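Architecture and fold: a report
Here are the chains, one letter per residue:
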Amino acid sequence: MKLRRRVILLFAGAAAVYIVMTLLNVRIDVEIVERSDEVRNQPVQPVQQPGKFQREEENILIPPYAGKSDLPPIYVPWSDYKEPYRKEKEDELHESYRFNKYLSDRIPLNRNVDDTRAKSCLKQMYPKNMGKVSIVLISYNEAVSVVFRTIYSAINRSPRHLLHEFVLYDDGSIWEESIGAMKTEADRVTQHQGVPVRFIRNTTRGGLMRARTEAAKYATGDILVYLDSHCEVLPGWLEPLIEPIYKDYTAVTCPVIDTIDWKTMAIYSDVNPISAIGSFNLLLNYNWYPIPQAEQDRRKRAHGATWDISPIRSPAMAGGLFAISTRYFHELGEYDTQMNVWGGENTEISIRIWTCGGSLLFTPCSKVAHVFRHGYPYDFQVGLSRGVWCCYVIHYHAMLT
């Protein structure tokens, strides 16, 4: 009887802890925004920045770049798009890539996409000179078609005076397509598109955090834009993403993340305004939560009629897609290179951004579509699961505070 009572008490206690942590998670969400509001209401001293990234008082305003469309299609050299579709080939490649790689190879690398921005986004004006952008992609046994669909989308939908280069960092791939063919395609784009694609190869796998930190050392732009290697940027994506950084170099920005279906490769982009931001509970598990009313009220006060497309402060980022000034990335200490593979780094760096004087913003007018795979095509190193990183982050944050 005593054993049964203890079991019941144990389960009741666990349920109570879970409920309390869930409630506290909401408190964390609101508290970060509210306390940040107090700081933001204080007078801000202008930040002087070195070199080309120094703000120009006489900087003309221009509308966002709509991009190029209806271009002659470009395919990977081995595409059999003219041949009948082979379902058995789709199934075979799916086992290795965990998305429809066969269909991806049959789709143009420079395909057209719909413009799903809010109409008010089209009317915004941005400073012409906001710094040079280095787009950083990390690849591990990735398909050439999704990597270069990411790159072509950025080339065709980014103002050339802002787009400085791509840094394509291979993190120890072992499949030939991800090495030789990737390098060949990078050279072809560099030669014919007029934008450098710098292919850097690491011969051993270091994991996402080490790879991103190493890749940043090769970037020569004022702003780093990290994208996963299986994305497509949508029209008008770049200017709203980097404008907050141009105004304040400690701002870190994230686009709205749309979905590329892993099976059909179709893009699903919501035309409705963004309604959620990133946050985490006391277990440091990342999730999406409704925008707090206090943050909505702040945006209305600060931006008036265009409040619904104004940047939204967020406690955390998803981690795969974001922009940060090169200077601030190094000042933050870059990524924690003792973390392996990926997972938890988004929460860790989000905490560091807020505790080190920065801000984290979602930008509603910037939209990037992302392939969400049907499972993981790789294993995690040294027998560790992604959940281990949350424990490490707790320890690391305790050291910071």
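Quick notes on the rules
Residues numbered from 1 in each chain as written. Predicted model: local features only at pLDDT ≥ 70, side-chain atom pairs only at ≥ 80, totals over all residues. Heavy atoms only, no water. Phe/Tyr/Trp six-rings, centres within 6.5 Å; stacked < 30°, edge-to-face > 60°. Buried < 20%, exposed > 50% of the residue type's maximum accessible area, 1.4 Å probe, protein only. Lys NZ or Arg CZ within 6 Å of the ring centre and 35° of its normal. pLDDT = per-residue confidence, 0-100. Contact = heavy atoms within 4.5 Å. Disulfide = S-S within 2.5 Å. Helix = DSSP H or I, 4+ residues; strand = E, 2+ residues; numbered from the N terminus.

Let us now look at the packing of aromatic side chains. On inspection of all chains with the given rule, the structure shows 10 aromatic pairs. Between Y75 and Y81, the ring centres sit 3.6 Å apart and the planes meet at 5 degrees, which makes this aromatic pair stacked. For Y75, a relative accessible area of 18% gives the class buried. Its relative accessible area of 34% is what places Y81 among the partly exposed residues. Taken together, a centroid distance of 6.1 Å and an interplanar angle of 70 degrees make the contact between Y97 and F99 edge-to-face. Comparing Y97 with F99 shows no difference in burial state: the two are buried. An aromatic cluster of three or more residues is present, and its members are Y226, F322, F329 and Y335. Its guanidinium or amino end placed over the ring of Y140, R205 lies 4.2 Å from that ring's centre, counting from NZ or CZ. Above the face of the Y249 ring, R327 is positioned so that its terminal group lies 3.9 Å from the ring centre.

Let's shift gears to the confidence of the model for the protein. In this model, the protein carries a mean pLDDT of 84, and residues with pLDDT of at least 70 account for 78%. Of the regions scoring below 50 in pLDDT, residues 24-52 engages in 37 contacts with residues more than four places distant in sequence or in other chains. Contacts from residues 382-401, a stretch scored under 50 in pLDDT, to residues over four places away or in other chains number 30 contacts.

A few words on the state of the cysteines. Using the criterion set out here, one finds 1 disulfide in the structure. With its sulfur 2.0 Å from that of its partner, C121 forms a disulfide with C365. Disulfide C121 to C365: torsion about the S-S bond roughly -85 degrees, handedness left-handed. Taken together, the positions of C121 in helix α4 (residues 119-122) and C365 in strand β14 (residues 359-371) put the pair 244 residues apart, joining distant regions of the chain. Note on accessibility: C121 and C365 belong to one class, buried.

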